[in-house]
Amino acid sequence: MKSMSFKPAKSPPSFSVLGEKYQPQSNWTASSSKFKTPAHSVIFAVSKNAQQKIFVVNTFQGFMVSENYETGGDIAELSTEKMQVTSIDFSPSVEPLVLLTFSLGHILLIDPIRRARGKVQWFNSQRNLYSSRPPCICRFFNQEDYIVLFEDNTMWKFKLSLKTEEERNIIYLASRIRENRDSIPGFCQLDIPKPESNPVGLWKFFCGSIRDVRMSPNSNLFAMINSDGQLRVFDFIRNQHLVCFESYFGGLLSLSWSLDGKLVATGGEDDAVSVWNLEQRKLVYRGEGHSSWVAGVCFGKANGDNYILWSAGEDGKLLIWDINLEDAEASNQEPRGERRDFITHPCRLELPLMEPILEVFVSGDPLQDIIVKEDGVFVCDSGGFIIRWVVKNDVI
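Note that the structure is predicted; figures quoted are calculated from it, not measured.

## Comments concerning the overall build of the protein
And then number 1: What the protein contains, in helices and strands, is two helices and 33 strands.
And then number 2: Burial statistics for the protein: of 396 residues in total, 56% are counted as buried.
And then number 3: Long-range pairs, those at least 24 residues apart, make up 53% of the contacts in the protein with a sequence separation of at least 6.
And then number 4: For the protein, the computed accessible surface area is about 17100 Å², with 46% contributed by carbon and sulfur atoms.

Structural data, given as structure tokens:
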């Protein structure tokens with residue numbers, strides 16, 4: 001482990017939207033002479049707690065931690081030998097805590113500030129206890145529960161308060177899931193009653209490759225997207241499937257909940273942004289403006305009664321959308337399909353289309369992700385460049 005500074009990166013543009021001026025305050029490149037981030041595999045996460053100013057980004061064989069992105073300066077670079085990071089997520093807790101998964105199957109909980117001096121907890125260090133495939137997604141669902149999804153579409157549930165890992169839990173859950181595979185079409189789920197060790201539960205999904213999982217703001221629901229072009233929403237508390245929405249065509253790549261939990265936005269291989277109303281179970285808007293796949297979507301703060309959505313595309317563009325639900329309801333577009341739990345995409349003539357209110361060309365490389373925070377907007381591209389914009393309304 002060593003300290004180093006991110007190299008100066010590209011010169012990102014300033015822009016104004018909805019009366020606010022955004023200026024690039026910081027930009028970095030997540031690579032060094034020793035550890036280079038390969039293209040199309042940048043994994044980046046920012047702390048969820050507003051008091052923490054931390055981000056973590058992967059490198060070729062390790063990861064980097066910025067302890068205070070507002071002040072810049074040195075960051076810590078940690079080597080993980082022959083393991084590559086496959087997913088990163090921050091706990092919403094007051095104390096800094098990061099969850100990471102690795103290409104050899106390992107799962108790590110670590111204090112990103114204190115690191116070796118603080119909390120360090122490894123799971124699946126024997127590599128193939130949970131699956132013969134590597135983990136691809138890890139997410140904190142709340143301050144206590146977190147999940148790790150493997151490439152075979154098994155999603156294991158853990159509790160932070162339980163410090164040990166028992167192989168018998170894994171064997172029990174996996175065997176019971178196999179027995180109950182046909183009980184509910186599309187997925188199986190099982191929890192261990194009154195668990196004393198991890199893991200505490202298992203979900204198995206029967207669909208295309210799962211590309212992202214996100215928890216709703218109230219932590220009761222979670223949404224997932226897959227390569228089949230499906231957005232599926234589940235009740236995490238009751239272990240129930242609620243609804244499946246279909247894309248126009250192609251797989252889905254990115255996913256975001258609105259801050260009030262009423263809307264879910266997706267971006268995909270059809271070069272479009274789709275906004276779904278969960279309560280009404282219908283597509284309320286389809287946004288066309290990108291000329292390539294939409295790799296990242298993220299809801300920002302509201303503009304009055306309107307929702308503001310940001311999207312990052314592999315065309316190198318950042319687009320901003322202003323969503324008015326009253327206009328969408330006036331379109332009278334009704335859900336398609338006979339089932340309320342499976343909603344097909346409307347045909348193009350019925351689509352409620354929207355255009356972006358702003359288009360910003362950010363990079364000649366494909367953009368990989370976007371994160372909108374109260375104190376700024378982060379975008380990263382496939383070259384490992386990370387840009388942060390902040391609102392500077394006092395700048396002429």
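## Points about the confidence of the model for the protein
And then number 1: Looking at the protein, pLDDT values average 87 and 88% of them are 70 or higher.
And then number 2: Confidence, read as mean pLDDT per element, is least for strand S1 (residues 2–4) in the protein (35) and greatest for strand S12 (residues 135–140) (98).
And then number 3: Of the regions scoring below 50 in pLDDT, residues 1–9 engages in 34 contacts with residues more than four places distant in sequence or in other chains.

## Quick word on the environment of Asp 315
And then number 1: Mapped onto the elements, Asp 315 comes out in the loop between strand S26 (307–313) and strand S27 (317–323).
And then number 2: Judged by relative accessible area, Asp 315 falls into the buried class, the value being 15%.
And then number 3: For the pair formed by Asp 315 and Phe 361, sequence separation is 46 residues and the distance between their alpha carbons is 8.6 Å.
And then number 4: Ignoring sequence-local partners within four residues, the contact set of Asp 315 consists of His 290, Ser 291, Ser 292, Phe 361 and Ser 363.

## Focus on the packing of aromatic side chains
And then number 1: Considering all chains together, one arrives at 30 aromatic pairs under this definition.
And then number 2: Both rings, one in Phe 102 and one in Trp 122, keep their centres 5.7 Å apart while their planes meet at 40 degrees; by these two values the pair is tilted. Residue Phe 102 is located in strand S9 (residues 98–102), and its partner Trp 122 is located in strand S11 (residues 120–123); the two are separated by 20 residues in the primary sequence.
And then number 3: Judged by its relative accessible area of 38%, Trp 122 is partly exposed.
And then number 4: Taken together, a centroid distance of 5.6 Å and an interplanar angle of 35 degrees make the contact between Phe 123 and Phe 158 tilted. Here Phe 123, found in strand S11, pairs with Phe 158, found in strand S14 (residues 154–159); they are 35 residues apart in sequence, far enough to count as distant. Phe 158 carries the same exposure label as Phe 123, and that label is buried.
And then number 5: Within the aromatic cluster, the residues linked to one another by ring pairs are Phe 123, Tyr 130, Phe 140, Tyr 146, Phe 150, Trp 156 and Phe 158.

## Topic: the nonpolar core
And then number 1: Formed by 22 residues in total, the largest nonpolar core has its most connected members in Leu 99, Ile 107, Leu 109, Tyr 130, Tyr 146, Trp 156 and Phe 158.
And then number 2: When residues of this core are traced back to their parent elements, those giving at least two are strand S10 (107–110), S12, strand S13 (145–150), S14, helix H1 (167–179) and strand S15 (187–191).
And then number 3: Ignoring anything within four residues of it in the chain, the contact list for Tyr 130 reads Asn 124, Phe 150, Trp 156, Phe 158, Glu 165, Ile 170 and Pro 199.
And then number 4: Residues Tyr 22, Ile 320, Val 377 and Val 379 belong to the second largest nonpolar core, which totals 19 residues.

## Here's the deal with the pairing of strand S30 (residues 358–361)
Each regular strand displays side chains that alternate between the two surfaces of the sheet.
And then number 1: Only one face of S30 is covered, namely the one carrying Leu 358 and Val 360; the face carrying Glu 359 and Phe 361 has none of its residues buried.
And then number 2: Sheet analysis places S27 next to S30, joined by four bridges and oriented antiparallel. Residue pairing for S30: Ile 320 is matched across the bridge by Leu 358.

## So, the sheet that holds strand S17 (residues 210–215)
In a beta sheet, neighbouring strands are held together by backbone hydrogen bonds and run either parallel or antiparallel to one another.
And then number 1: Across the sheet, which stays open at both edges, the five strands sit in the order S17-S18-S19-S20-S28 with mixed pairing between neighbours. Among the strands making up the open sheet, the edge pair consists of S17 and strand S28 (342–343).
And then number 2: Of the pairings in the sheet, the one linking strand S19 (residues 230–235) to strand S20 (residues 240–246) comprises six bridges and is antiparallel in character. The residue of S20 that forms the bridge with Gln 230 is Glu 246.

## Thoughts on the pairing of strand S3 (residues 20–29)
And then number 1: The pairing of strand S2 (residues 15–17) with S3 spans three bridges and is classified as antiparallel. The residue of S3 that forms the bridge with Val 17 is Glu 20.
And then number 2: Where S3 meets strand S33 (residues 385–391), seven bridges bridge the pair, whose relative direction is antiparallel. Following the sheet pairing, Asn 27 is matched in S33 by Ile 387.

About the thresholds
Residues numbered from 1 in each chain as written. Predicted model: local features only at pLDDT ≥ 70, side-chain atom pairs only at ≥ 80, totals over all residues. Heavy atoms only, no water. Helix = DSSP H or I, 4+ residues; strand = E, 2+ residues; numbered from the N terminus. Buried < 20%, exposed > 50% of the residue type's maximum accessible area, 1.4 Å probe, protein only. Contact = heavy atoms within 4.5 Å. Areas by Shrake-Rupley, 256 points an atom, 1.4 Å probe, with all protein chains shown as cover. pLDDT = per-residue confidence, 0-100. Phe/Tyr/Trp six-rings, centres within 6.5 Å; stacked < 30°, edge-to-face > 60°. Core = buried A, V, L, I, M, F, W, Y, C linked by side-chain atoms within 4.5 Å. Pairing = 2+ DSSP bridges.

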